[in-house]
Amino acid sequence: MRDDGPPHPPGEETRRSAHLPSLTTPLCRRLGVEVPVFQAPIGSAVSPELVAGVSHAGGLGMLALTWTPAGEIPRILDRVRELTERPFGANLVLDFPVADRLDACLEGGVPVISTFWGDPAGCTDRIRAAGAFHVHTVGSADEARHAADAGVDAVVAQGWEAGGHVRGLTATLPLVPAVVDAVSPLPVVAAGGIADGRGLAAALALGAQAGWMGTRFLAATEARTHDIYRAASSAHEPKKPSTPAASTAAGRTRRTGPCATAHWPPGKRPAPRSRPGRVRETSLPGEPTTPRTCATRTPYRWPA
Ligand SMILES: Cc1cc2nc3c(=O)[nH]c(=O)nc-3n(C[C@H](O)[C@H](O)[C@H](O)COP(=O)(O)O)c2cc1C
């Protein structure tokens, strides 16, 4: 990733290919990417420029299209392809009505489809028939087994440290090997708390074939991240509360702190006003203690 401008245009020499030995895995080779750095879908903070920048640098960029009208998807795919000829993916959260978005992605030839938060069994056949690769995010070994039985091509094991919506209650360190053991030889990608090469090396040592990094890419120049959240997510020391879960909407930070969805009954989505953990205190020591919720659309200000 460059910090000083748009992604490299197709064909331009990149630093990695010129000078660095390559770190690759069987999953990278299968997807046609050079390094096991997968940019996780980060909701509305994802831009075509971010996706193209990651893919063009040798990783795998991932659009987040759950809330994008299906009619806009061809234009977004065109924009990514203006910037890179390399593979990229698109993510859909299955708890929302995404059938038309999936059709648009598959008709547009997206090579990797990522799904989350729902049963992947309903779309594996369509994804396979279109010749795309299906990766599904899970939060437990049981869920990984179900996804494998449903026919996905790979799973993302998302630990509790992850930002955004968090599926399970297990931390990345114990979760990844448990999922690797549960679904071997299916490839596993590790998510949750990976932010640099050391974290990626740890994930690979646990048996993962790539790292799925979300919060780290919120700080990328190409991400549509609110400035306040960008600054906070780039801080060297994690802010309290220490779990870096957060979500954004339309570029505005909505929530920080432990993910409220961790308190939902397994497999259930309670009605909006009766969600356990809905009102969560996300203020910091010394701050006013007004609870802020997922619905708060005012940018949250960290103390200096
Ligand atoms: C702001 C934000 C938005 C997210 N939106 C999505 C999404 O739309 N779809 C999805 O599958 N995961 C989403 N996630 C979860 C990420 O894909 C990934 O699992 C997580 O960021 C990994 O943990 P990390 O943030 O510690 O790297 C989001 C994460 C963040 C931080």
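Going by the structure above, here's the rest.
The rules behind each value
Residues numbered from 1 in each chain as written. Predicted model: local features only at pLDDT ≥ 70, side-chain atom pairs only at ≥ 80, totals over all residues. Heavy atoms only, no water. Helix = DSSP H or I, 4+ residues; strand = E, 2+ residues; numbered from the N terminus. Buried < 20%, exposed > 50% of the residue type's maximum accessible area, 1.4 Å probe, protein only. Contact = heavy atoms within 4.5 Å. Pairing = 2+ DSSP bridges. Right-handed = clockwise from strand over helix to strand, strands pointing away. Core = buried A, V, L, I, M, F, W, Y, C linked by side-chain atoms within 4.5 Å. Near = heavy atom within 4 Å. Polar contact = N/O pair within 3.5 Å; in protein donor to acceptor, adjacent residues only side chain to side chain. Areas by Shrake-Rupley, 256 points an atom, 1.4 Å probe, with all protein chains shown as cover. Axes fitted to C-alpha atoms, helices over the stretch in contact; angles between N-to-C directions. Left-handed = near helix turned anticlockwise from the far one by under 90°. Nonpolar A, V, L, I, M, F, W, Y, C, P; charged D, E, K, R; others polar.

A.B. asks: I'd like a description of the overall build of the chain, backed by residues and values.
C.D. replies: Helix and strand content of the chain: 11 helices and 12 strands. The buried share of the chain, reckoned over its 304 residues, is 50%. Here the analysis covers contacts within the chain between residues at least 6 apart in sequence; of these, 56% occur between residues at least 24 apart.

A.B. asks: Which residues make up the pairing of strand 6 (residues 154-158), and what values go with them?
C.D. replies: Within strand 6, five of the five residues are buried, leaving the element largely enclosed by the surrounding structure. Note that strand 5 (residues 133-138) and strand 6 share four bridges and pair parallel. Residue pairing for strand 6: His136 is matched across the bridge by Val155. Considered for its hand, the β-α-β crossover made up of strand 5, helix 7 (residues 141-150) and strand 6 is right-handed. Pairing analysis gives four bridges linking strand 6 to strand 7 (residues 188-191), with the strands arranged parallel. Residue pairing for strand 7: Val156 is matched across the bridge by Val189. Assessed by its sense of winding, the connection that carries the chain from strand 6 through helix 8 (residues 172-183) to strand 7 is right-handed.

A.B. asks: Describe the nonpolar core, with residues and values.
C.D. replies: Grouped together as the largest cluster of nonpolar side chains are 51 residues, with contacts concentrated most on Leu63, Leu65, Ile113, Val155 and Val179. One finds Val112, Val156, Ala191 and Trp212 within the second-largest nonpolar core, a separate group that totals 17 residues.

A.B. asks: So, the site of the ligand: which residues are in play, and what are the values?
C.D. replies: Close to the ligand lie 22 residues, the nearest being Pro41, Asn91, Gly193, Gly214 and Thr215. Note that an oxygen atom of the ligand is positioned 3.5 Å from one of the side-chain N or O atoms of Trp212. Protein burial of the ligand: of its 600 Å² of free accessible surface, 95% is covered by the chains. Counting only elements with at least two residues in the shell around the ligand, the list comes to strand 3 (88-93), strand 8 (211-213) and strand 9 (246-249). Top element by residues in the shell around the ligand is strand 9. It accounts for three residues.

A.B. asks: Residue-level account of the pairing of strand 4 (residues 112-116), with values.
C.D. replies: Across the five residues of strand 4, five count as buried, placing the element largely inside the fold. Going residue by residue along strand 4, you find Val112, Ser114 and Phe116 tucked away on one face and Ile113 and Thr115 tucked away on the opposite face as well. In this structure, strand 3 lies alongside strand 4, joined through five bridges in parallel fashion. Considered in strand 4, the bridge of Ala90 is made with Ile113. As defined by bridge partners, strand 4 adjoins strand 5 across four bridges and the pair is classed as parallel. Within strand 5, the residue paired with Ser114 across the bridge is Val135.

A.B. asks: Give me helix 3 (residues 48-56): which residues, what numbers.
C.D. replies: The buried count for helix 3 comes to eight of nine residues, which makes it a mostly enclosed element. Those residues of helix 3 that sit buried are Pro48, Leu50, Val51, Ala52, Gly53, Val54, Ser55 and His56. One or two positions beyond helix 3, positive phi appears at Gly58, with a value near 110°.

A.B. asks: If you had to explain the packing of helix 7 against helix 8 to someone new, which residues and values would you point to?
C.D. replies: To describe two helices that pack against each other, one gives the angle between their axes and the distance between the axes. Remark: helix 7 packs on helix 8, axes separated minimally by 9 Å, with the N-to-C direction vectors making an angle of 35°. Judged by the sense of rotation from one axis to the other, the crossing of helix 7 with helix 8 is right-handed. For the pair formed by helix 7 and helix 8, the contact residues are Ala141, Ala144, Arg145 and Ala148 on the first element and Leu175, Ala178, Val179, Ala182 and Val183 on the second. Split into classes, the residues belonging to the contact of helix 7 with helix 8 amount to eight nonpolar, no polar and one charged.

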